[in-house]
Amino acid sequence: MEMFSKLTNLFQQALETREPSVNLLDSFVEHWKGITNYYIETTDETRPVKQTDIPWRLKQMLDILVYEEGQQGLEETGPCMEYLLQHKLLETLCTLGKAQYPPGMNQQVLVFFSKILVQIQKPMLHMINVYRPVQKLVRLCGLLGSQTEKEEAQFLFVVCSRVKQDPYVLNYILEIKKENLFKRSISSSEDTEKGRSEEAVPSSNPTASNPASTSSPQQHSPTDSPSTIFPANAGLIHVLVHLSRSQNKVALKAFESLLLLVSLPKEDTAVCLAESTPLCQLLAERLCELYSQLPATLEAADIHSFPQTHWSAPFSQNSMQESQSFPGSEHMERFFAWLDFLDHLMREAPKILAVKLAKEIHHCWLVGVLQPELLQMSEMGVLVNTALLCCSVRHIQSPAMLEELVSFLLGRHTQSEQRLDTESHVLRYQLIEHCDHISDEISIATLLLFEELLQKPHRDILFNLVLRNLENRCYVTHALGGGDDSRHFTDTDPVEENEELEEDPFFTDMYGEDEFNSSEQLLPRPQLMREPRCSGQTQAADIVNSSFLCLVPQEAKTSQHVQGARYETYVHDAHEQFKECTTLLLDWDWPESLKPTESSVSSSDFFEGHFLKVLFDRIGRILEQPYELNLQVTSVLSRLALFPHPHLHEYLLDPYIILAPGARSLFSVLIRVIGELMQRIQLIPNFKEKLVHVRRQLMGLDGESGVDHMPLLKGVIILEEFCKELAAIAFVKLPDNNTNL
């Protein structure tokens, strides 16, 4: 035991007499003096920095700082860090980098700054001897002809990452003073109010209020955009937007840095970015610039078939190769990637910043660039820009941007439309009129636009287009006592139709016994009478069985001659589409039952609105119009019929309502079409044979061959399918069928 004690003492003495450890501060200072001595001793000013020991010494200094922090802990500042701060080493390095001496020094400084901000864990950016050199280095980024964009992008990403960790340092990095913040906030509020007043009443001549928009955006040069003017001493926001124009990883880093900035959770930082920086303006101007670069020779079909583009798509090599399938596809990919990026920003950003950016896009792009293009006289220009707008609507998902889009396209009016009112919102009226344009391509493109709008989760879209005109149910005839006589029917009472339908000689002949024995009847008649149902369910079942399915006469039906074209195939699709519609209106607070009609409101005042008027006019010409146009018209009407608003359901899917004088419904329009069809059938020999042949052609079962009356025959086929689709929609909206949806 004594021997063991002696050995222990010997080891202790040996440890106490060992050589002292290397002093970290001395080593740190030695490496720094080695860097400064290079500038004193060297005579070769052209020697690249990588051929000197400067990169090695910077790395050693960084390793010492990291090791020291590990030893001292996060609460204390070690002597090496104190030396770096007190002697303003970062400031000196920034000056050396700006001088690019030796050549390539700026790259080494960027790397050193990036690594020290990443590897040092304690907060640093609030210290004046850190954030001031960081500010200076930020201004050295994004210069024309820079050879260090990769290092610049990484440095800025690191800075944004540190700001994300400590949002309160944002003011230091952006160099924003409190008095400037207050002034900018007041100025921004005034500009916003001014913009609202200007956009509240759209001019019939949109270019008058925006002289810059008189030329087509496809004719602009990229250098015309304000966002390409790179100001001297530009700050972080300017540099990031500038680097986002680069290619591959540099732009990707810039995108990610902007995402970090806008997703700062604190409200005061969101206010700072929205009101005290040019962020929103620069992002919106970049969108306008990319839109101006889209070729005017784009094909509408290519635009409509263009896939949903994620903001990171341009940085994927596979995506670039797949998208280069038509002239201008690269420009389209860049534009829609940027639009998706802005939409993603608005979804990630606090509400105040998202709203500010959305309003800037509204003013700069929608009103300043797109509106004149949609209202121009050139049919080709209208077609291309309508298709681009449709594709843009498909990309927009953020609530803030959707709010501005709806305001731009439809306005904020809530009163029922007046038949002669074409000036309260010029763009809305013109777009609706384009659905009935002399150019079928423009009509199809505009109908596609409205179909995309109807798929958006915004209640004002359907209310603005349709529901505000149906609120008072002026389309029905009032009873003598002032009540509503539109639905008072029993199983034994004859259906009392309005004068328009009574005068139609074909209406009374279409519901014979042969029709009720049709193989496409959903439920047999005895079963309907056996099942105890409330009057609403019985009437709805009657709509399915005895109205829409039997609307087309047997001599004009062909689905029974072709497999896969029966009514049942529509029911599954209708179920899925109805589910989709119901998910849009979870918080829309629609009524569950019909609103009683008011005797003080005259039925003679009813106007279905410009949108439904155009759709009804189009469906009334279904036997004369091109096949593709008919498909799109029926698609929009089917979409409207899916919404479970009681007034809309009654107006579009209930054939038993007694229409007010001069009013028309979807069913009454279809009745007139059937009457016209019955007359024209008599004039075409072998009508049924030709009709079956055309259906088989459309399904790819028969080869192409010349057949007379092709538009009429295709129109009849679409009419039959449309009636089956309406019957399927009415069926899935029955209470028994949608309770589990």
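Quick notes on the rules
- Every chain's residues receive numbers from 1 upward, in the order its sequence appears when written.
- This being a predicted model, a pLDDT of at least 70 is required before a residue's local features are given, and a value of 80 or more before pairs of side-chain atoms are given or counted; all residues contribute to the totals for chains, interfaces and linings.
- The side-chain quantities take in all heavy atoms of the structure and omit both hydrogens and water.
- Strands here are runs of E lasting at least two residues and helices are runs of H or I lasting at least four, both read from the DSSP assignment and numbered beginning at the N terminus.
- Helix span, expected: 1.5 Å multiplied by one less than the number of residues in the helix.
- Burial status follows relative accessibility: with a 1.4 Å probe on protein chains alone, a residue under 20% of its type maximum counts as buried, one over 50% as exposed, and anything between as partly exposed.
- Each patch is built from residues that are more than 30% exposed by relative accessible area and take part in no salt bridge. Like charges join if they lie within 9 Å; nonpolar side chains (Val, Leu, Ile, Met, Phe, Trp, Tyr) join within 5 Å.
- Surface accessibility follows the Shrake-Rupley procedure with a 1.4 Å probe radius. Residue values consider only the protein chains on display as shielding.
- We count a salt bridge whenever a side-chain nitrogen from Lys or Arg sits within 4 Å of a carboxyl oxygen from Asp or Glu.
- To form a nonpolar core, buried Ala, Val, Leu, Ile, Met, Phe, Trp, Tyr and Cys residues must be joined to one another through side-chain atoms within 4.5 Å.
- Only heavy atoms enter the contact rule, under which two residues are in contact if any of them lie within 4.5 Å.
- Only centres within 6.5 Å qualify two rings of Phe, Tyr or Trp (six-membered ring in Trp) as a pair; their planes then separate them into stacked at under 30 degrees, edge-to-face at over 60, and tilted for everything else.
- pLDDT runs from 0 to 100 and stands for how confident the predictor is about each residue.
- Any cysteine sulfur atom paired with another within 2.5 Å is treated as part of a disulfide.

**Observations concerning helix α19 (residues 379-395)**
Spanning 17 residues, α19 covers 25 Å between terminal C-alpha atoms, matching the ideal 24 Å at 1.5 Å per step. In terms of residue burial, α19 counts as a mostly covered element, since 15 of its 17 residues are buried.

**Points about a nonpolar patch on the surface**
A grouping of Leu698, Met699 and Leu701 is seen on the molecular surface, where their side chains present a nonpolar patch of about 240 Å² in accessible area. For Leu698, the location among the structural elements is in helix α33 (residues 687-698). Overall, the relative accessible area of 33% leaves Leu698 in the partly exposed class.

**Remarks on unusual backbone geometry**
Cis geometry is found at the peptide bond from Tyr101 to Pro102, where omega equals -5°. Among the secondary structure elements, Pro102 is positioned in the loop between α5 (89-99) and α6 (105-119). Even without glycine at this site, Lys88 takes up a positive phi of about 55°. As for its placement among the helices and strands, Lys88 is situated in the loop between α4 (79-86) and α5. A positive phi angle, near 55°, is found at Asn686, a position not held by glycine. Inspection of the secondary structure assignment puts Asn686 in the loop between α32 (666-681) and α33. Take Asn686: its relative accessible area is 53%, and that puts it in the exposed class.

**Side note on the nonpolar core**
Within the largest apolar cluster, 220 residues are counted, with the highest numbers of intra-cluster contacts made by Phe155, Trp365, Leu640 and Leu677. Among the elements that make up this core, the one with the highest residue count is helix α34 (residues 710-732) (16 residues). Not counting residues within four places of it along the chain, the set of residues in contact with Leu640 comprises Leu454, Leu462, Val466, Phe611, Leu612, Leu615, Leu648 and Leu652.

**Looking at the packing of aromatic side chains**
Scanning all chains against the criterion turns up 24 aromatic pairs. Measuring from centroid to centroid gives 6.0 Å for Phe306 and Phe336, while their planes differ by 35°, and the two rings are tilted. Of this pair, Phe306 sits in the loop between α15 (300-304) and α16 (317-323) while Phe336 sits in helix α17 (residues 329-348); the two residues are 30 residues apart in sequence, bridging distant segments of the chain. Here Phe306 and Phe336 have matching classes, each one buried. Judged by centre distance (5.8 Å) and plane angle (70°), the rings of Phe606 and Tyr651 are edge-to-face.

**Digging into the confidence of the model for the protein chain**
When the pLDDT values of the protein chain are averaged, the result is 81; 76% of them are 70 or greater. When mean pLDDT is taken per element in the protein chain, helix α22 (residues 440-453) scores highest with 98 and helix α26 (residues 525-530) scores lowest with 32. Here residues 14-21 scores under 50 on pLDDT; set against residues more than four positions off or in separate chains, the count is 0 contacts. Taken as a whole, residues 487-535 scores under 50 in pLDDT and shows 76 contacts with residues more than four places along the chain or in a different chain.

**A word on the environment of Ile116**
If you trace the backbone, Ile116 turns up in helix α6. For the pair Ile116 and Leu65, spaced 51 residues apart in sequence, the C-alpha to C-alpha distance is 8.4 Å. When neighbours within four sequence positions are excluded, Ile116 is seen to be in contact with Leu62, Leu65, Leu84 and Met124.

**Regarding the pattern of salt bridges**
Under the definition given, this model contains 24 salt bridges. Where Glu289 meets Arg286, a salt bridge forms, and the shortest distance between an N and an O atom there is 3.4 Å. One end of the pair, Glu289, and the other, Arg286, are both in helix α14 (residues 279-292), 3 residues apart, so they sit about a helical turn from each other. Across the salt bridge formed by Glu608 and Arg664, the nearest N and O atoms sit 3.2 Å from each other. Here Arg664 lies in the loop between α31 (646-653) and α32 and Glu608 lies in the loop between α28 (568-584) and α29 (610-620), a separation of 56 residues in the sequence. Linked by salt bridges that have partners in common, Glu608, Lys613, Asp617 and Arg664 make up one network.

**Brief notes about the state of the cysteines**
Tallying each qualifying case throughout the model produces 0 disulfides. Cys288 forms no disulfide, and the closest cysteine sulfur to it belongs to Cys364, at a distance of 3.1 Å.

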